[in-house]
Amino acid sequence: MSHLHQIEAPPKPSAFDPHHPPSKELLSDCVHCGFCLPACPTYVLWGEEMDSPRGRIYMMAKAAQGEAGLDQTFRTHMDNCLGCMACMTACPSGVQYNKLIEDTRSQVERHIPRSTDDSLFRKLLFATFPHPARLRMMAYPMLAYQRLGLQKLVRATGLLKLLPRRLQAMEALLPRVPDSLFRSHITPSKTRANDRPRVGLLIGCVQQVFFQHVNEATARVLEAEGCQVVVPENQQCCGALMVHSGVEDEALRMAKQTIAQFEAANVDYIAINAAGCGSTMKEYGFLLRDDPQWAERAAAFSGKCRDISELLSVLEPRSPRHPLPLRVAYQDACHLRHAQGIYAEPRNLLKTIPGLDLREVPEANLCCGSAGIYNLVQPEPAAELGDRKVDNLLSTEAEALISANPGCLLQLQAGLRRRGHAEIPTFHMVELLDASIRNLSAEELLHRRA
């Protein structure tokens, strides 16, 4: 009796190219349990399996096995992901979704063409946002647009509805051009307490133009706690926007530039007050893992990176906190809570302020829809998530909303305007610490943001 031996078919070639495809080992960590589903913003909105982390990992695995191609459907589901990393907090198996989605997005950008309109719009964003000098040039006409009342007029007349949806979203998210636009430098401190660190301050790209007041507050708080603050000159983008969007070559260039600048500053720690930047800078070691000239330097750099709340939490307070009687709701920035695992530190710091009434927000784990450039390239779901977040924040009856990321603050401001609550101010967490240390009253703080 003859025995028929089944001949296994040879494995199919992967749809991914060999440069940093999503790791098969990391893909295999996912056991498809479904714990990520209620944590995922797009799954919550649409209930679509392929728009959940589990579904996207399934698609990645199929492409890696050569059983699915890199087509427009694949790109759409990867583009739909906000990259908020809430799935990582929810996952009991420790799946490193951040590394999977970022490597996959680089593959998408190399192999799946975009429409001309989409491609040009993304190039416009990347040609402006990561470049502070260009942003500052753009800010001057924005200043006239806002201060002369043109913005109110244009919004009131409904003219914006004539623009494409993405340009409408861009106008809706315009920050109020601050007076600090004309203060482009922070004076480094010359002294420090003997037992306190020398801290390099990341001033960011969007942050240093439109949120320089947050950088100034960060420097003041660090100095008040005895740290020496160093601000490397000519800082550009850290590459976070590029990493999160799959623009790998530019991200690598910016990462190397940032590393070199802070190496020359010879600091003990690098303080970061923008959650998206912090999550990326802490992963430089992985980003540059196969570059023999930079891998070790990148890992050493990442080891010095600290969110401002993380750094202040390990320093015994030296400056007295004065009362700040104010009801505030704290909105977790996703790249702080989920990507960096920092949850308790900002809350504990805020609780050191006498009189501050800190309110917790329903659905705190759910993204506000900002997510880097997501609210510009995917304005409809971003606005839906933003409105949902603002409704939850308003339910706390807070007098001010607090977060730890510039993108979140802009998203919340836009949502508040849509809900008719533009008068409610938003602050970075460190601004409240600064106000308490400087003994500003709640009225003075609120007036400064009016």
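The sections below set out a description of the structure shown in this document. (Residues numbered from 1 in each chain as written. Predicted model: local features only at pLDDT ≥ 70, side-chain atom pairs only at ≥ 80, totals over all residues. Heavy atoms only, no water.)

Some remarks on the overall build of the chain
1) Next: Check the secondary structure of the chain and you find 25 helices and 8 strands.
2) Next: Overall, the C-alpha framework of the chain stretches about 95 × 60 × 40 Å when taken along its three principal axes.
3) Next: For the chain, restricting intrachain contacts to residue pairs at least 6 apart in sequence, the fraction spanning at least 24 positions comes to 78%.
4) Next: Carbon and sulfur atoms make up 55% of the accessible area of the chain, which totals about 20,100 Å².
5) Next: Where the 49 positive side-chain charges of the chain centre and where its 50 negative ones centre are 4 Å apart. (Helix = DSSP H or I, 4+ residues; strand = E, 2+ residues; numbered from the N terminus. Contact = heavy atoms within 4.5 Å. Areas by Shrake-Rupley, 256 points an atom, 1.4 Å probe, with all protein chains shown as cover. Lys, Arg positive; Asp, Glu negative; His and termini not counted. Charge placed at Lys NZ, Arg CZ, Asp CG, Glu CD.)

What to know about the pattern of salt bridges
1) Next: Scanning all chains against the criterion turns up 32 salt bridges.
2) Next: The residue Glu 49 makes a salt bridge to Arg 54 at a minimum N-O spacing of 2.8 Å.
3) Next: Accessibility expressed as a relative area gives 26% for Glu 49, which makes it partly exposed.
4) Next: Note on Arg 54: relative accessible area 18%, which makes it buried.
5) Next: For Arg 419, the salt bridge is made with Asp 387, and the minimal N-O distance between the two is 3.8 Å. Of this pair, Arg 419 sits in the loop between α23 (406–418) and β8 (426–428) while Asp 387 sits in helix α22 (residues 379–394); the two residues are 32 residues apart in sequence, bridging distant segments of the chain.
6) Next: Judged by its relative accessible area of 16%, Asp 387 is buried.
7) Next: One connected set of salt bridges, linked through shared partners, spans Arg 75, Asp 79, Glu 109, Arg 114, Asp 118, Arg 122 and Arg 166. (Salt bridge = Lys/Arg side-chain N within 4 Å of Asp/Glu carboxyl O. Buried < 20%, exposed > 50% of the residue type's maximum accessible area, 1.4 Å probe, protein only.)

Points about the sheet that holds strand β7 (residues 400–403)
1) Next: The parallel open sheet is built from 4 strands, whose spatial order is β6-β5-β7-β8. The sheet is open, and its two borders are formed by β6 (356–359) and β8, each paired with just one other strand. Neighbour-to-neighbour, the strand axes of the sheet open up by a mean angle of 35°, direction not taken into account.
2) Next: In this structure, strand β5 (residues 326–330) lies alongside β7, joined through 3 bridges in parallel fashion. Bridge pairing in β7 places Tyr 330 opposite Ile 402. (Pairing = 2+ DSSP bridges. Axes fitted to C-alpha atoms, helices over the stretch in contact; angles between N-to-C directions.)

Description of the nonpolar core
1) Next: Counting residues in each nonpolar core, the largest one holds 105 residues, and the members touching the most others are Phe 210, Leu 222, Met 281, Tyr 284 and Leu 432.
2) Next: It is helix α14 (residues 248–265) that contributes the most residues to this core, 7 residues altogether.
3) Next: In this view, Leu 222 contacts Val 199, Cys 227, Val 229, Ala 271, Ile 308, Leu 311 and Leu 312; residues no more than four positions away in its chain are not counted.
4) Next: Counting 25 residues, the second largest nonpolar core, distinct from the first, contains Leu 26, Met 78, Met 85 and Leu 100. (Core = buried A, V, L, I, M, F, W, Y, C linked by side-chain atoms within 4.5 Å.)

Notes on the packing of aromatic side chains
1) Next: For the structure on display, the rule yields 3 aromatic pairs.
2) Next: Centroid distance Phe 16 to Phe 74: 6.2 Å. Interplanar angle 65°. Geometry classified as edge-to-face. Within this pair, whereas Phe 16 is found in the segment before α1 (24–28), its partner Phe 74 is found in helix α4 (residues 72–80), the two being separated by 58 residues in sequence.
3) Next: Judged by relative accessible area, Phe 74 falls into the buried class, the value being 2%. (Phe/Tyr/Trp six-rings, centres within 6.5 Å; stacked < 30°, edge-to-face > 60°.)

Some points on the packing of α22 against α23
1) Next: Contact geometry for α22 and α23: axes closest at 9 Å, N-to-C directions at 80°. Considering the angle they form, α22 stands roughly perpendicular to α23. Across from Ala 382, Ala 383, Gly 386, Asp 387, Lys 389, Val 390, Leu 393 and Leu 394 in α22, the residues of α23 making contact are Gln 411, Leu 412, Gly 415, Leu 416 and Arg 418. (Parallel < 35°, antiparallel > 145°, perpendicular 65-115°, else oblique.)

So, unusual backbone geometry
1) Next: Unlike most non-glycine residues, His 20 shows phi in positive territory, near 50°.
2) Next: Its location among the elements puts His 20 in the segment before α1.
3) Next: The backbone of Met 85 sits at a positive phi, close to 65°, despite the residue not being glycine.
4) Next: When you line up the elements, Met 85 lands in the loop between α4 and α5 (86–90).

What to know about helix α17 (residues 295–302)
1) Next: By the burial criterion, the buried members of α17 are Ala 298, Phe 301 and Ser 302. With its buried residues spanning 95° around the axis, α17 presents them on a single face.
2) Next: Structurally, α17 contributes buried residues whose contacts are with α14, β3 (269–272), α15 (275–281), α16 (284–287) and β4 (305–307). (Arc of directions from axis to C-beta.)

Quick look at the sheet that holds β3
Whenever strands of a sheet pair, they do so through backbone hydrogen bonds, lying parallel or antiparallel.
1) Next: Taken together, 4 strands build an open sheet; the order of strands is β2-β1-β3-β4 and the sheet is parallel. What marks the edges here is a single partner per strand, and that holds for β2 (228–230) and β4. The mean angle between the axes of side-by-side strands here comes to 35°, regardless of whether they run parallel or antiparallel.

A look at the pairing of strand β1 (residues 198–201)
1) Next: Bridge count between β1 and β2: 3 bridges; the pairing is parallel. From the neighbouring strand, Gly 200 faces β2, where its bridge partner is Val 230.
2) Next: Relative to β3, β1 runs parallel, the two sharing 3 bridges. Bridge pairing in β3 places Leu 201 opposite Ala 271.

Details of the environment of Ala 63
1) Next: Within the secondary structure, Ala 63 sits in helix α3 (residues 53–64).
2) Next: With 11 residues separating them in the primary sequence, Ala 63 and Phe 74 have C-alpha atoms 9.2 Å apart.

As far as function goes, none of this settles anything; it's purely spatial.
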